[in-house]
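Single-letter residue listing:
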Amino acid sequence: MENIMKLESVDMYNKMFGLPTKHPLVSVVDLSKATAWPEKLNVNYGIYALYLKDTRCGDIMYGRQPYDYQEGTVVCFAPGQVAMSEIRPGTQPRAHGVLFHPDLIRGTALGHEIRNYTFFSYETREALHLSEQERQTVMDCLHKIDAELDHAIDKHSRRLITANIGLLLDYCMRFYERQFSTRSAVNSDIVARFERLMDEYFDSGTAQTHGLPSVKYFADRVCLSANYFGDMIRRQTGQTASEYIQRKIIGRAKEYLLSSNMTTSQIAYELGFQYPQHLSRMFKRVAGCTPNEFRTRS
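It should be emphasised that the depicted structure is a prediction, and the values quoted were computed from it without experimental measurement. (Residues numbered from 1 in each chain as written. Predicted model: local features only at pLDDT ≥ 70, side-chain atom pairs only at ≥ 80, totals over all residues. Heavy atoms only, no water.)

**Some remarks on the pairing of strand β2 (residues 26–30)**
A regular strand carries its side chains on alternate faces of the sheet.
Turning to step 1, where the next piece is worked out: Buried residues dominate β2, accounting for four of its five residues.
Turning to step 2, where the next piece is worked out: Relative to strand β9 (residues 95–100), β2 is paired through five bridges, and the arrangement is antiparallel. In the strand pairing of β9, V26 is matched with F100. (Buried < 20%, exposed > 50% of the residue type's maximum accessible area, 1.4 Å probe, protein only. Helix = DSSP H or I, 4+ residues; strand = E, 2+ residues; numbered from the N terminus. Pairing = 2+ DSSP bridges.)

**With respect to the pairing of strand β3 (residues 40–45)**
Turning to step 1, where the next piece is worked out: Note: strand β1 (residues 5–7) against β3, three bridges, orientation parallel. Residue pairing in the sheet places M5 in a bridge with V43 of β3.
Turning to step 2, where the next piece is worked out: Relative to strand β8 (residues 82–87), β3 runs antiparallel, the two sharing five bridges. Looking across to β8, one finds that N42 is bridged to M84.

**Focus: the packing of aromatic side chains**
In this description, an aromatic ring pair is defined by two values, namely the gap between the centres and the angle between the planes.
Turning to step 1, where the next piece is worked out: One pass over the structure, following the stated rule, counts 18 aromatic pairs.
Turning to step 2, where the next piece is worked out: The interplanar angle of 80° and the centroid separation of 5.6 Å between the aromatic rings of Y201 and F202 together place this pair among those described as edge-to-face.
Turning to step 3, where the next piece is worked out: Take Y201: its relative accessible area is 3%, and that puts it in the buried class.
Turning to step 4, where the next piece is worked out: The rings of F194, Y201, F202, Y217, F218, F229 and Y244 are connected pair by pair, giving a single aromatic cluster.
Turning to step 5, where the next piece is worked out: Lying across the ring of Y51, K53 places its NZ or CZ 5.5 Å from the centre.
Turning to step 6, where the next piece is worked out: Above the plane of the ring of Y217 lies R221, whose end atom (NZ or CZ) is 3.6 Å from the centre. (Phe/Tyr/Trp six-rings, centres within 6.5 Å; stacked < 30°, edge-to-face > 60°. Lys NZ or Arg CZ within 6 Å of the ring centre and 35° of its normal.)

Structural data, given as structure tokens:
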């Protein structure tokens, strides 16, 4: 395995590409102005990075998955993620982007909200594809951040820089939601597959041997990352994927309670619970009563 370089700072990135560093914690980059670049780069990101790829200039691997990106595609990386890129020999990389260290947003409104931007955790084949108007919006946001970096640092700098990064991320979130909407037919099919997979999980007895199913279990089987899968399920159903699974489990429990003489302990085992009281707690939370109360009054 090739050595993985820990990318600890924006200055470290800029030096690799021969770009200037205006601020120690944040940088707006234009790779068409790069004076150097590695043909192969295996990086463990210690910073946040968002790129608008102007052209396809090589291959990217995100973890162990290939990144299927195109011209005008936004790709995002967060601290702790590993990506490998390979630029074709003789090809000048062309991309605009912003990189920022977690310390820039620590203690700010953006720092508290950064986890809400779930697109930072998406697998790269689920990148954001922009219209020309959306691309211009992203570029406008990058220009505003860069303009603030050109300003002499004062007491307002950090707040204005983080506010403009937050604005960029908010627009990207809007565009991702649009992407969900335009893919509604595909997403609806995935919801149907999700239903079938849950039925198969319990019908096959897998729950008895492997316990309660996780969101990741189903996401893997429809070839999506857990975060993207979770967002898509929420958009299509109004519930989180975990809530959807829990309602399926409680639905199954209700069937057993009404159609059999199985005890609560037996039903809990059948559904993959380690302890019967865990089923009772979930049942109470979802159905508003205990399993025995449900059976008695039904």
